Amino acid sequence: MIASHLLAYFFTELNHDQTQKVDKYLYHMRLSDETLLEVSQRFEKEMEKGLGADTNPTASVKMLPTFVRSTPDGTEDGDFLALDLGGTNFRVLRVKVSDNGLRKVEMENQIYAIPEELMRGSGVQLFDHIAECLANFLDKLQIKDKKLPLGFTFSFPCHQTKLDESILVTWTKGFKCSSVEGRDVVSLLRKSIKKRGDFDIDIVAVVNDTVGTMMTCGYDDHNCEVGLIVGTGTNACYMEEMRHIDLVEGDEGRMCINMEWGAFGDDGVLNDIRTEFDCEIDMGSLNPGKQLFEKMISGMYMGELVRLILVKMTKEGLLFGGRLTPDLLTTGHFETRFVSAIEKEKEGLQKAHEILSKLGLEPSHEDCLATLRICQIVSTRSASLCGATLAAVLRRIKDNKGVERLRSTVGVDGSVYKKHPHFARRLHKTVRKLLPDCEIRFIRSEDGSGKGAAMVTAVAYRLAAQHKARQKILEPFKLSHEQLLEVKGRMRIEMEKGLGKETHAEATVKMLPTYVCSTPDGTEKGDFLALDLGGTNFRVLLVRVRNGMRRGVEMHNKIYSIPVEIMQGTGEELFDHIVHCISDFLEYMGMKGVSLPLGFTFSFPCQQNNLDEGILLKWTKGFKATGCEGEDVVGLLKEAIHRREEFDLDVVAVVNDTVGTMMTCGYEDPYCEVGLIVGTGSNACYMEEMRNVELVEGDEGRMCVNMEWGAFGDSGCLDDIRTEFDVAVDELSLNPGKQRYEKMISGMYLGEIVRNILIDFTKRGLLFRGRISERLKTRGIFETKFLSQIESDCLALLQVRSILQHLGLESTCDDSIIVKEVCTVVARRAAQLCGAGMAAVVDKIRENRGLDFLKVTVGVDGTLYKLHPHFSNILHETVKQLSPKCEVTFLQSEDGSGKGAALITAVACRIREAGQR
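Residues numbered from 1 in each chain as written. Predicted model: local features only at pLDDT ≥ 70, side-chain atom pairs only at ≥ 80, totals over all residues. Heavy atoms only, no water.

Core analysis: the biggest nonpolar cluster contains 114 residues, and Leu676, Tyr686, Met707, Trp709, Phe782 and Met838 have the highest contact counts within it. Here the element with the most residues in this core is helix α26 (residues 813–848); it accounts for 18 residues. Every residue in contact with Met707, bar those within four places of it in the chain, is listed here: Met491, Met495, Val509, Lys510, Met511, Asn683, Ala684, Cys685, Tyr686 and Val841. Listed in part, the 111 residues of the second largest apolar core include Phe80, Leu305, Ile342 and Leu427. (Core = buried A, V, L, I, M, F, W, Y, C linked by side-chain atoms within 4.5 Å. Buried < 20%, exposed > 50% of the residue type's maximum accessible area, 1.4 Å probe, protein only. Helix = DSSP H or I, 4+ residues; strand = E, 2+ residues; numbered from the N terminus. Contact = heavy atoms within 4.5 Å.)

Before going further, it helps to examine the sheet that holds strand β18 (residues 597–602). Picture the strands of a sheet paired through backbone hydrogen bonds; they go either parallel or antiparallel. What the five strands build is an open sheet, ordered β17-β16-β15-β18-β21; its pairing is mixed. A strand with exactly one partner marks an edge of an open sheet, and here the two such strands are β17 (552–561) and β21 (650–655). Averaged over all pairs of adjacent strands, the angle between their axes in this sheet comes to 20 degrees, without regard to strand direction. Two elements, strand β16 (residues 537–546) and β17, share 10 bridges in a ladder whose sense is antiparallel. Of the residues in β17, the one forming a bridge with Phe538 is Tyr560. Strand contacts of helix α19 (residues 633–644): β15 (526–533), β18 and β21, with the helix running at about 145 degrees to β21, the strand carrying the most contacts. Where helix α20 (residues 657–668) meets the sheet, its contacts fall on β16, β17, β18 and β21, and the angle it forms with β21 comes to roughly 105 degrees. (Pairing = 2+ DSSP bridges. Axes fitted to C-alpha atoms, helices over the stretch in contact; angles between N-to-C directions.)

Here the focus is helix α28 (residues 871–882). In this model α28 runs 17 Å from its N-terminal to its C-terminal C-alpha over 12 residues, within 8% of the 16 Å that 1.5 Å per residue would give. Looking only at α28, the buried set comprises Phe871, Ser872, Ile874, Leu875, Thr878, Val879 and Leu882. Buried residues of α28 fall within an arc of 165 degrees about the axis and therefore sit on the same side. Residues of α28 that are buried in the fold lie against α16 (481–499), β22 (672–678), α22 (740–745), α26, α27 (863–867) and β26 (886–892). (Expected span 1.5 Å × (residues − 1). Arc of directions from axis to C-beta.)

Moving on, we come to helix α23 (residues 747–763). Residues lying three or four places apart along an α-helix face the same way, a consequence of the helix completing one turn every 3.6 residues. Taking 1.5 Å of rise per residue, 17 residues should cover 24 Å, and α23 covers 25 Å from first to last C-alpha, within 8% of that figure. Counting buried positions along α23 yields 15 of 17 residues, so the element is predominantly enclosed.

Moving on: the packing of α26 against α28. Here α26 crosses α28 at 40 degrees, and the two axes come no closer than 8 Å. Classified by the angle between their axes, α26 and α28 sit oblique to one another. Remark: the crossing between α26 and α28 carries right-handed chirality. Between α26 and α28, the residues in contact are Ala827, Arg828, Ala830, Ala831, Gln832, Cys834, Gly835, Ala836, Met838, Ala839, Val842 and Asp843 and Phe871, Ile874, Leu875, Thr878, Val879 and Leu882, respectively. (Parallel < 35°, antiparallel > 145°, perpendicular 65-115°, else oblique. Left-handed = near helix turned anticlockwise from the far one by under 90°.)

Quick look at the packing of aromatic side chains now. Per the counting criterion, the structure on display carries 25 aromatic pairs. Between the aromatic rings of Phe604 and Phe623, the centroid separation amounts to 5.2 Å while the plane-to-plane angle is 70 degrees, which identifies the pairing as edge-to-face. Taken together, the residues Phe604 in the loop between β18 and β19 (606–610) and Phe623 in the loop between β20 (613–616) and α19 connect sequence positions 19 residues apart. Accessibility assignment for this pair places Phe604 and Phe623 in one class, buried. Members of the aromatic cluster, connected to one another through ring pairs, are Phe152, Phe154, Phe156, Trp171 and Phe175. (Phe/Tyr/Trp six-rings, centres within 6.5 Å; stacked < 30°, edge-to-face > 60°.)

Next comes the structure, spelled out in structure tokens:
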């Protein structure tokens, strides 16, 4: 009993001694966690170099763009061909992908040989042979008459310029066909097929096997954004943000990068961790000084590393009694599959004995143990280095996404990863150690170079079909120059109708006279009060206007709220509340008892019969105070002042906010004769010749006309350019059939139009993977401010995604690009339509005055104009194109409804005083 215990103890000690001996000898091959972290960080720097335009030429890790912009989303569908050329055999496959809720892939394939003489012959012969094999395959499956899309896996170093264009840089793997290097392999294949003339296929994509691996796994797991191969060679690819890829135009979305990471270290950055054995392997290889990282990791070199270590230790008398054999001294005789066999749990030592004996050695138990340990050290280093660079890739993806925790999947292929008993586990462990804050899943790819090529093609097909479908839906929003000229012409017709006495009653654009007959000339002076009532808040302002040297405007104001019960009570209560607020303000300013001229901005539809008389036509914006509609609001205000008997005010003018905007800008710029508001709603006003304003007596001078242009189109004259989405938004609004032009251009409705388009896209499976969230079904959720945010240029797609997330929409990168495009199209049309209306206005002013050329300024206000990143530029551009004989300047107004009302009052007082003199 004791004897067996002693024996066991002896063997454990022996194992331990042997292990220690080897560990000491191979000290440099055992990498600490600090070293691995260092390697990982160095690799991250190399990636940066490869991506930069200036640094790429000298970078060792080339980071090649693949033009694969999207991973599978599971809705791919169709019949595809794949061609896989990467060695002495090549395969032709037919891959059927069906998405009937079950997502299944069926494959048939055939292997064809490439004779030695073809590998070294001319390029034409090689591609003719491939075309012949393709024809044979199609014949066999009886599908020669179909034109199927094909993906081509071409596993040689290529420079890709488009998804379907790939220039061969150099042949490898024993190929030496003439006149192919430096040429596009797709066009060579197309030529060979065309020459035959018995079948036709659509070559959609050229793919590298690493990318194919990522795409195959991506079909089963949508989080898969990295491909890794550890087999004879090693390489990786991943989805990078377009904004970081200097070598390709455009910043939107992502693209798969084929890293060609085997060349990491070719510039010397790994010299401090390469050992004498690594140098020896490199010296004896076909490409000395190249692919140094690959030579430390991949299957082609792993067995050879073990052999070199065995030889050196034997020479030093540490193994096999110092006896070498010719077999052990022959390059390539210790194969990588031996490493896998020796490291197997149970039969490892026995395998070691068999393998070493076959090499002519007579191994002792200690020799077998030492060999096992050498294999462990070599394969562990390989897995650890691979894990270190992979961690760098994942860290980069995490930083790109700006997330706390990355959840991602890596698709893996290659004999070392799949067949070595411990490689995968050690690789995963290293990644976990270096990235403790990430959840990384590894899935094995099945046939990345065949199925993967078909997947890339399937995705490209899906994207093209979806893009086409989306463009068709968005087409009606894209207005031509002719259409915009037509809108301008129709606006002009409607303006004439509104101005004419006979036609005014049925006109939709009402062209209301405002009795404002002059813009500021700069001599205005005095103290004025202004009231601004246009919503649930109400402002009282004191405006001091100075002339001469100290010309300028100084303002003081206070905001008061209007309770709902007063908005919906009686008219007397409403105006008493307003007067109470004025009284409070005068006390606050210490001006009780002073009688000041007052301007009243009243932003509700009114019919004006005089500058100081405005008859309320109908309440809007939630107001319902009784006894006001059909009454003069100035009279109602004056009565309330008399009831209070505290102070007296001289109400000089009732003003619409659009006119106020024109006047505010007119104080700064004497050319300002047009006012425009594009905010929640939209409207415009301009100085019209009195002779054209038929609703008011007199032909002398000018008067500002409040167009109320939001109602343009209510007669049906815009029906040919309204889309189904405009109709839907209009039908569900508070005032169906009314303000149709406003509903196509103003802030209150643009977000709603976008939301309706997004729902339509989603129902058709063109967005959000066809899943409509409850939030997206909610009216008004897509606020117009989101349009401004999404379209701002400095916004990365990341932020677009976070806006969509805030809306409860889980979006991919592609989704974000689509949402941005919809916002752009809708906002662009709004700005163009607004520009067409404005062009009609400035051209009318020019023609009124019989001028060949008009210089005019438009005073503008409104959130859409001020906050949207592109609206104003597109508006200006449109006016310029549609009214080439006008030089139009746009000036942003500051506080048209407050300051503007006071300036109108100031101008009226100036004119009144001049008249009294």
